[in-house]
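Close look at the chain arrangement
As a plain string of letters, each chain reads:
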Amino acid sequence: MDTMQTQTQAATAVQTAAQQHNEPSWLINKRLAALDQMADLPMPLVQRFNYRDWDLMPGNLQWADSKRDLAQVADGPVQIVQVGQTTVRVNLPEKLQEQGVVLTDFFTAVKDYPDLVQEAFMTKAMKANENRLASYHTAYLNAGVFLYVPNNVVISEPIDIQLIQDNTLDQPLNSHVLVVAGRNTEVSVSQHLTTVGENANLANCLMEVIADENSHVTVATLDELGRKTLAYVERRAYAADNASVNWAVGFMNEGNTIGNFDTELNGVGSRADAKVIAITDHDQRMGVNTKITNRGKHTNGNILQRGVILEDSELVYNGIGDIIHGAAGSEAEQENRLLMMSSNAHGNANPILLIDENDVMAGHAASVGQVDEQQLYYLMSRGIRRETAERLVIRGFLGAVLSAIPAKAVRSQLVEIIERKLENGR
Amino acid sequence: MATLEIKDLHVEVTDEENQTAKEILKGVNLTMKTGEIHAIMGPNGTGKSTLSQTIMGQPSYHVTQGDILLNGESIVDMPVDERARKGLFLGMQYPAEIQGVTNAEFLRAAVNARRAKDDQISVMDFLKMLDKNLAILDMSEAMTERYLNEGFSGGEKKRNEILQLLMIQPSFALLDEIDSGLDIDALKVVSKGVNAMRGDNFGSMIITHYQRLLNYIVPDVVHIMMGGRIVKTGDASLAKRLEKEGYAGLRDDLDIDVALVDEN
Ligand SMILES: Nc1ncnc2c1ncn2[C@@H]1O[C@H](COP(=O)(O)OP(=O)(O)OP(=O)(O)O)[C@@H](O)[C@H]1O
Ligand SMILES: [Mg+2]
């Protein structure tokens, strides 16, 4: 079978599945265009991290219902819960509905709010032709969430997005969370990614945040995909004038993972803050790009990454500050630090500054090291056992990021996961 | 009553640069009991900190000969945390700074480390104890919410060492230059802290260069260390004599053959 023929077959399969799903033609065409260009696009570049032999593009688009009782999630006031492609519940208080807030399953939104979705989906924060995995994502999209906050609406309660990958089935999760925050809005989103079931599957999870003028969006994510899940997690934001986007990412996936985070500071005076914590264990491999692009004048980007590498695992942090010509008066700061807890651990903290503008302030710090023996000795000299002392030092090391996570629930969950991983990974 | 015995202690360190072993302690003998305060004085570089670190169990110091007994049991093969739980405490000359761990959290872990798993101190009891000890040391509660020693001034670090001493209540405290860098008021406060511990269940080895501290914490025994050995032991008046005569005078009096740092 030649590639031309395979390509045609793949296109037919995607088209058939999408039609069967009653999708509008713009979406079907977008899928097909993405599929068509896939082969010509490069894979995302993760410096100092080789994932050439990972199978990140299993090609099938299928619809399947998941058992609703697989979702064991406590009820939240503003919440959407999905297991696989199945939406288990949506809690959106009446008051928010009256204000025009939309929180719903992605494909429902495609039907009910076609203009809103079409305008924002893979158009602003990122485009399908940026890399091969984004294209794959667009072509094979099979789940997702749409959150829309109309102009001038301020939501005090965090919006809880719970996505559970269904590995009792045999199919990838290609999930898209699209967040559109209008002018002068304030919203805080927490996302929790988990896995049920024992099958080995891909998770290709993408999140787009469009932050319109003077909006303030906070996203806290807790990624806890299972050991048998190969994960590609992409999170992108577009910030208009005076908008701010604050990310706090707890990257606690158990399987091999690529993280690709980028916030584009397009508007004048926009700001972004990206905080990432990761812990790797066993023989897990994880590569993370955290990028902020300063495009607008007087934009401010701040990256802070801390990671702990246990056992035989590998963790690579690339911090990328990209200052585009014309972004005068901008600032880009980053700090990437890794702690290696075993002699078989591999770590790389790699600051990358791409600066094409003179009138900027940029700085970076990076380190890869071991727990300081002097510190351990000091703690132990007070009777504290080595394990406890190590945990205190590690928690202190991660503390700078932990304490900055606004959602208290996410923060305490994260602390629990960290404690568990440290307990197991010694 | 608890006892701490140092017997013919010889200690080496390995020089990082040329990987050769260097003997620092050359046969130290000393016996302490709870209820007693011992002062150790001696010229710079003579091995005072080495002695205290070796008793505590700092892994860079290797015991090549002799023994350290706590209540008759040898502790030289025990790791530092176990020695601490058995009742030893070292107030360090240079305490470590630990980012992200609050002083209070650390103190609680230290207090709990000596207690059984099912008998951990309650938050209320801990705070009560903490408040009492903060008051003795004239420290503000804010200090306990700061990260452990991070950004503490020299004097604040010393005060914080004594706070730990009061919280942990060891049998023996080795206090290494707890007075260095303290202003006169802080010196009084720190002395007050140590004196608050004084009693039948507490003994201390106080390393200092200055008679002044010993005016506030009056020692029962004073030892002079030179060249890696204790060369003279006496009562509190020995420290006063030293203040007058200096080490050179004392050495010549005693006819000891060691070079002093400022003669080199
Ligand atoms: N870890 C080490 N590595 C190499 N040399 C060491 C080490 N610790 C101590 N020494 C050396 O051992 C000798 C004794 O040092 P120590 O710190 O015990 O002296 P001290 O009596 O406490 O002096 P001071 O009054 O200046 O504090 C010094 O020459 C010192 O340089
Ligand atoms: Mg010393």
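Relevant structure appears above.
Bear in mind that the values here come from a model prediction, so they are computed numbers and not experimental data.

Digging into the interface of chain B and chain A
- Counting from both sides, the interface comprises 31 residues of chain B and, opposite them, 17 residues of chain A.
- Summing both sides of the interface, chain B and chain A together bury roughly 2,000 Å²; the carbon and sulfur share of this comes to 61%.
- Taken together, chain B and chain A are joined by two salt bridges.
- Its salt-bridge partner being arginine 382 of chain A, residue glutamate 161 of chain B comes within 2.6 Å of it at the nearest N-O pair.
- The interface formed by chain B and chain A holds 10 residue pairs in polar contact (both at pLDDT 80 or more) in total.
- Sorting the residues of the side of chain B that touches chain A by element identifies α1 (48-56), α2 (80-85), β6 (88-91), α3 (103-113) and α6 (154-168) of chain B as the ones contributing at least two each.
- Among the elements that take part in the side of chain B that touches chain A, α3 of chain B stands out by supplying five residues, more than any other.
- Tallied by class, residues from the side of chain B that touches chain A come to 18 nonpolar, eight polar and five charged.

Here's the deal with the pairing of strand β1 (residues 79-83) of chain A
All names here are of chain A.
- Among the five residues that make up β1, five are buried, leaving the element largely enclosed by the rest of the structure.
- Because side chains alternate across β1, one face comprises the buried residues Gln79, Val81 and Val83, and the other comprises Ile80 and Gln82, equally buried.
- In terms of strand pairing, β1 meets strand β5 (residues 159-166) through five bridges, oriented parallel. From the neighbouring strand, glutamine 82 faces β5, where its bridge partner is leucine 163.

Digging into the packing of aromatic side chains
- Summed over the entire model, instances satisfying the criterion amount to nine aromatic pairs over all chains.
- For the ring pair tyrosine 136 of chain A and tyrosine 140 of chain A, a centre distance of 5.0 Å and an interplane angle of 35 degrees mean the geometry is tilted. Here the residue tyrosine 136 of chain A and the residue tyrosine 140 of chain A both occupy positions in helix α6 (residues 132-140), the gap between them amounting to four residues, near one helical turn.
- Seen in terms of ring centroids, tyrosine 378 of chain A and phenylalanine 106 of chain B are 6.1 Å apart; in terms of plane orientation they differ by 20 degrees. Their pairing is stacked.

A word on the coordination of the magnesium ion (ligand 2)
Residues and elements named next belong to chain B.
- Looking at the magnesium ion (ligand 2), the protein donor atoms are Ser49 (OG) and Gln93 (OE1), and they sit 2.0 to 2.5 Å from it. Here the residue serine 49 occupies a position in helix α1, and glutamine 93 occupies one in the loop between β6 and α3, the gap between them amounting to 44 residues.
- In this structure serine 49 comes out as partly exposed when scored by relative accessible area, which is 24%.

Reading the values: the criteria
- Residues numbered from 1 in each chain as written.
- Chains lettered and ligands numbered in written order.
- Predicted model: local features only at pLDDT ≥ 70, side-chain atom pairs only at ≥ 80, totals over all residues.
- Heavy atoms only, no water.
- Contact = heavy atoms within 4.5 Å.
- Buried area = accessible area lost by both parts, 1.4 Å probe.
- Salt bridge = Lys/Arg side-chain N within 4 Å of Asp/Glu carboxyl O.
- Polar contact = N/O pair within 3.5 Å; in protein donor to acceptor, adjacent residues only side chain to side chain.
- Helix = DSSP H or I, 4+ residues; strand = E, 2+ residues; numbered from the N terminus.
- Nonpolar A, V, L, I, M, F, W, Y, C, P; charged D, E, K, R; others polar.
- Buried < 20%, exposed > 50% of the residue type's maximum accessible area, 1.4 Å probe, protein only.
- Pairing = 2+ DSSP bridges.
- Phe/Tyr/Trp six-rings, centres within 6.5 Å; stacked < 30°, edge-to-face > 60°.
- Donors = N, O, S within 2.8 Å, 3.2 Å for Na, K, Ca; no water.

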